[in-house]
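As a plain string of letters, each chain reads:
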Amino acid sequence: MIELLLDILSWVLLLSGSFFCLTGGIGLMRFPEFFSRIHAASLTDTLGASLILMGLMLQAGITITLAKLIMILILSLIAGTTASHAMAKAALKSGMCPLDQVDRSQQPEIKAYKDKS
Amino acid sequence: MFAVTALTLLVVMALALARAFLGPTLYDRILAVNNFGTKTVLLIAVMDFLAGRPDFLDIAIVYALINFISIIGVLRFFEYAQQKTVEHGE
């Protein structure tokens, strides 16, 4: 009984994690410029990875596998957010700016970015 | 159920790869490659349960570390290179 409950819970977690990952992938493909793309990718990446790894944890039971999964979860939470932050900061420093602020500024790099995307 | 998750992750990886090829700027490509790497970690972890091989998780941990460090390294490199070109251009 309790095993069936754990199985159902882990299926729900895995499926919702897959859904969020798919949403992030579609957002990465469809959004118009870099900052909206990084929004879609990094947010859904955090949530989707956490949900999928939690679903796997419920399947693992209390073994060494659980410890490794917890390690991957902590690592991906720290690394993913840090990498997204670094990417957005590097893009801002290189002269890009979000699409709704492009019209307000007339810098040549931002114009070039707008023409390219 | 693991197969459904693995298939979804493969679809997402294909989308990220398409963005890495299409991406108009450098940072779009870096973002797509980062997304591809994190999805690869998840795919390896799911394949562990799908194939019943418990040693795949170690590979997933190593891949997560390499992915993070390579993204930070590439960002540092291009930040520095662009600053250098700006200085030389002036």
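Bear in mind that the values here come from a model prediction, so they are computed numbers and not experimental data.

Participant: Residue-level account of the overall build of chain A, with values.
Facilitator: The number of helices and strands found in chain A is four helices and zero strands. Looking at chain A residue by residue over its 117 residues, the buried ones come to 34%. Sequence separation of at least 24 residues holds for 55% of the intrachain contacts in chain A that already meet a minimum separation of 6.

Participant: Mind laying out the environment of Phe56(B), listing which residues take part and the relevant values?
Facilitator: Residue and element names in this part refer to chain B. One can find Phe-56 in helix H3 (residues 56-89). The exposure class assigned to Phe-56 is partly exposed, which follows from the 18 C-beta atoms found within 10 Å. With residues near it in sequence (within four places) discarded, Phe-56 still touches Ile-44, Met-47 and Asp-48.

Participant: Got a sec to walk through the interface of chain A and chain B? Specific residues and values, please.
Facilitator: If you look at the interface, chain A gives 39 residues, while chain B gives 39 residues. Of all the elements in the fold, those that place two or more residues in the side of chain A that touches chain B are helix H1 (2-30), helix H2 (34-60), helix H3 (64-93) and helix H4 (108-116) of chain A. Here the element with the most residues in the side of chain A that touches chain B is H3(A); it accounts for 15 residues. Residues of the side of chain A that touches chain B, tallied by class, amount to 25 nonpolar, nine polar and five charged.

Scoring rules and cut-offs
Residues numbered from 1 in each chain as written. Chains lettered and ligands numbered in written order. Predicted model: local features only at pLDDT ≥ 70, side-chain atom pairs only at ≥ 80, totals over all residues. Helix = DSSP H or I, 4+ residues; strand = E, 2+ residues; numbered from the N terminus. Buried ≥ 20, exposed ≤ 12 C-beta atoms within 10 Å, placed from the backbone. Contact = placed C-beta atoms within 7 Å. Nonpolar A, V, L, I, M, F, W, Y, C, P; charged D, E, K, R; others polar.

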